[in-house]
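# Inside the fold
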Amino acid sequence: MAHPTQLGFQDAASPVMEELLHFHDHALMIVFLISTLVLYIIVAMVSTKLTNKYILDSQEIEIVWTILPAVILVLIALPSLRILYLMDEINDPHLTIKAMGHQWYWSYEYTDYENLGFDSYMVPTQDLTPGQFRLLETDHRMVVPMESPIRVLVSAEDVLHSWAVPSLGVKMDAVPGRLNQTAFIASRPGVFYGQCSEICGANHSFMPIVVEAVPLEHFENWSSLMLEDA
């Protein structure tokens, strides 16, 4: 999860988020190079009184500064489109979970099971135990098996919400009357935090998302216990 004074993204916990981090670094290097070149040209123009008659009217340099930006845009667009298609690809999910946004909590339904679902409310500050995070911890976590494709169906009961977990590279709008879907693979065990990323009302900042990725055996034990309690 994020920590104070953090400048970069959260550590990637899914293959898609790793690709997004690589693309971010790739685009940032291009921006740095362009900014450095423009700054150098500005400083050179301001600090020197010399002129070159061959640069004042040169078709060659005009061709270069027309083609070069086009090449740079292609270098940015191609990996961007690749990641866009990767994020939209959902192949044979091992588990499907429906996440419903309410004012102001999330409810989860494991559609592959007959009767496995629960509401997920934020834990009030006065009820937190040592080690839990204020405004981020929930009374029920969304437990998923690691290294398995997970499909999440996202919708809302009342107003617009948005189901987002930054470290998993997932963000999907929850629209009333519409069923959106997204997918992720948790590449390592852990607890990953997110929040509703749509301004949905007075308590918008009090409906966190907690995804716990565990080994498959632990997930099977957890699901059995949840079904027994249901």
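So, how was this worked out
- One numbering rule holds for all chains: residues counted from 1, following each sequence as written.
- Under the rules for a predicted model, residues below a pLDDT of 70 receive no local features and side-chain atom pairs below 80 are neither given nor counted, while totals for whole chains, interfaces and linings still include all residues.
- Note that the side-chain values use all heavy atoms of the structure and ignore hydrogens as well as water.
- UniProt positions are given in the numbering used here, feature names are shortened, and annotations may be inferred rather than shown by experiment.
- Whether a set of points on the 1 Å grid over the protein atoms alone is a cavity depends on a 1.4 Å probe fitting there but being unable to get out, while an open set qualifies as a pocket with protein on both sides within 12 Å along at least five of seven lines; lining residues are those with an atom within 4 Å of a point.
- Grid points are joined across faces, edges and corners, and a volume is the space filled by probe spheres set on the points.
- Helix numbering and strand numbering both begin at the N terminus, where a helix is a DSSP run of H or I of at least 4 residues and a strand a DSSP run of E of at least 2.
- Note that Gly is not counted as nonpolar here; it falls among the polar residues with everything else outside the nonpolar set of Ala, Val, Leu, Ile, Met, Phe, Trp, Tyr, Cys and Pro and the charged set of Asp, Glu, Lys and Arg.
- Each domain span listed reflects an automatic or database assignment of domains.
- A quick way to say it: buried area is the sum, across both parts, of accessible area lost when two parts are put together, with a 1.4 Å probe.
- For this document, the term salt bridge refers to a Lys or Arg side-chain nitrogen within 4 Å of an Asp or Glu carboxyl oxygen.
- Identification of polar contacts relies on pairs of N or O atoms within 3.5 Å, with a donor-acceptor requirement for protein atoms, meaning one able to donate a hydrogen and the other able to accept it, and with residues adjacent in sequence counted only if both atoms are side-chain atoms.
- Throughout, exposure labels follow a simple rule: accessible area from a 1.4 Å probe, protein chains only, divided by the maximum for the residue type, with under 20% read as buried, over 50% as exposed, and the rest as partly exposed.
- By the convention used here, strands pair only if DSSP detects at least 2 bridges between them.
- A fitted line through C-alpha atoms serves as each axis, taken over the contacting stretch for helices, and the angle formed by two N-to-C directions is quoted from 0 to 180°.
- Throughout, a residue-residue contact means that at least one pair of heavy atoms, one from each residue, lies within 4.5 Å.
- Stacked, tilted and edge-to-face pairs are distinguished by plane angle, under 30 degrees for stacked and over 60 for edge-to-face with tilted covering the rest, among Phe, Tyr and Trp rings (Trp via its six-membered ring) whose centres lie within 6.5 Å.

The name given to the protein chain in an unreviewed UniProt entry is Cytochrome c oxidase subunit 2, with the source organism recorded as Schizothorax yunnanensis paoshanensis. Per UniProt, the protein chain has the following entry under Catalytic activity (unreviewed entry): "4 Fe(II)-[cytochrome c] + O2 + 8 H(+)(in) = 4 Fe(III)-[cytochrome c] + 2 H2O + 4 H(+)(out)".

Moving on, we come to the layout of surface pockets. The calculated volume of the largest pocket comes to roughly 380 Å³. Lining the largest pocket are 14 residues, and of these Leu-37, Val-38, Ile-41, Trp-65 and Leu-68 sit closest to its centre. Taken together, the elements giving at least two residues each to the lining of the largest pocket come down to α1 (15-47) and α3 (59-88). Per-element tally for the lining of the largest pocket: the top contributor is α1, with eight residues. When its residues are assigned to classes, the lining of the largest pocket shows 14 nonpolar, no polar and no charged.

Parsing the protein chain into structural domains produces domain 1 (13-86) and domain 2 (93-227). Here domain 1 and domain 2 have C-alpha centroids that lie 39 Å from each other. Roughly 540 Å² is buried in total at the junction of domain 1 and domain 2, and carbon and sulfur atoms are behind 55% of that figure. Inspection of the region where domain 1 meets domain 2 yields zero salt bridges. Where domain 1 touches domain 2, the interface holds three residue pairs in polar contact (both at pLDDT 80 or more). Its residues assigned to classes, the side of domain 1 that touches domain 2 comprises five nonpolar, one polar and one charged.

Mapped onto the present numbering, the UniProt feature "transmembrane region" (unreviewed entry) falls on residues 27-51 and 63-85. Helix makes up 84% of residues 27-51 and strand 0%. Its end C-alpha atoms lie 34 Å apart. When the span residues 63-85 is considered, its composition is 100% helix and 0% strand, and the gap between its end C-alpha atoms is 33 Å.

Our next topic: the pairing of strand β10 (residues 208-214). Among the seven residues of β10, six are classified as buried, and the element is accordingly described as predominantly covered. Sheet topology note: the strand β4 (residues 142-145)/β10 ladder contains four bridges and is parallel. Opposite Val-143, over in β10, you have Glu-212 as the bridge partner. Sheet topology note: the strand β9 (residues 190-195)/β10 ladder contains six bridges and is antiparallel. What sits directly across from Phe-192, in β10, is Val-211.

Attention now goes to the environment of Gly-177. Relative to the helices and strands, Gly-177 resides in the loop between β7 (170-174) and β8 (180-185). The class of Gly-177 is exposed, set by a relative accessible area of 85%.

Let us now look at the sheet that holds β4. Within a beta sheet, neighbouring strands are joined by backbone hydrogen bonds and run either parallel or antiparallel to one another. A sheet is described by the order of its strands in space; here three strands give the open sequence β4-β10-β9, paired in mixed fashion. In this open sheet, the two strands that pair with only one neighbour each are β4 and β9. Each adjacent strand pair in this sheet contributes to an overall mean axis angle of 25°, direction not counted. Helix α4 (residues 216-229) rests against β4 and β10 of the sheet, and its axis sits at about 135° to β4.

Quick look at the sheet that holds strand β5 (residues 149-156) now. Pairing is mixed across the open sheet formed by five strands, whose spatial order is β3-β2-β1-β5-β8. Each of the sheet's edge strands pairs with one partner strand only, and the pair in question is β3 (117-120) and β8. Taking the axes of each pair of neighbouring strands and ignoring which way they run, one obtains an average angle of 25° across the sheet. In this sheet, β3 lies alongside strand β2 (residues 105-110) in antiparallel orientation, the contact comprising four bridges. Opposite Glu-109, over in β3, you have Gly-117 as the bridge partner.

On to the packing of aromatic side chains, then. Counted by the stated rule, this structure contains 10 aromatic pairs. On the basis of an interplanar angle of 25° and a centroid distance of 4.4 Å, the ring pair of Tyr-105 and Tyr-121 is categorised as stacked. Pair noted here: Tyr-105 is in strand β2 and Tyr-121 is in the loop between β3 and β4, with a separation of 16 residues, a long-range link. For the pair Phe-118 and Trp-222, a centre-to-centre distance of 6.2 Å together with 90° between the ring planes defines the contact as edge-to-face. In this pair, Phe-118 is assigned in strand β3 and Trp-222 in helix α4, connecting sequence segments 104 residues apart. There is no split in this pair, since Phe-118 and Trp-222 are both buried. Every member of this aromatic cluster is reached through a ring pair, and the members are Tyr-108, Tyr-110, Tyr-113, Phe-118, Phe-219 and Trp-222.

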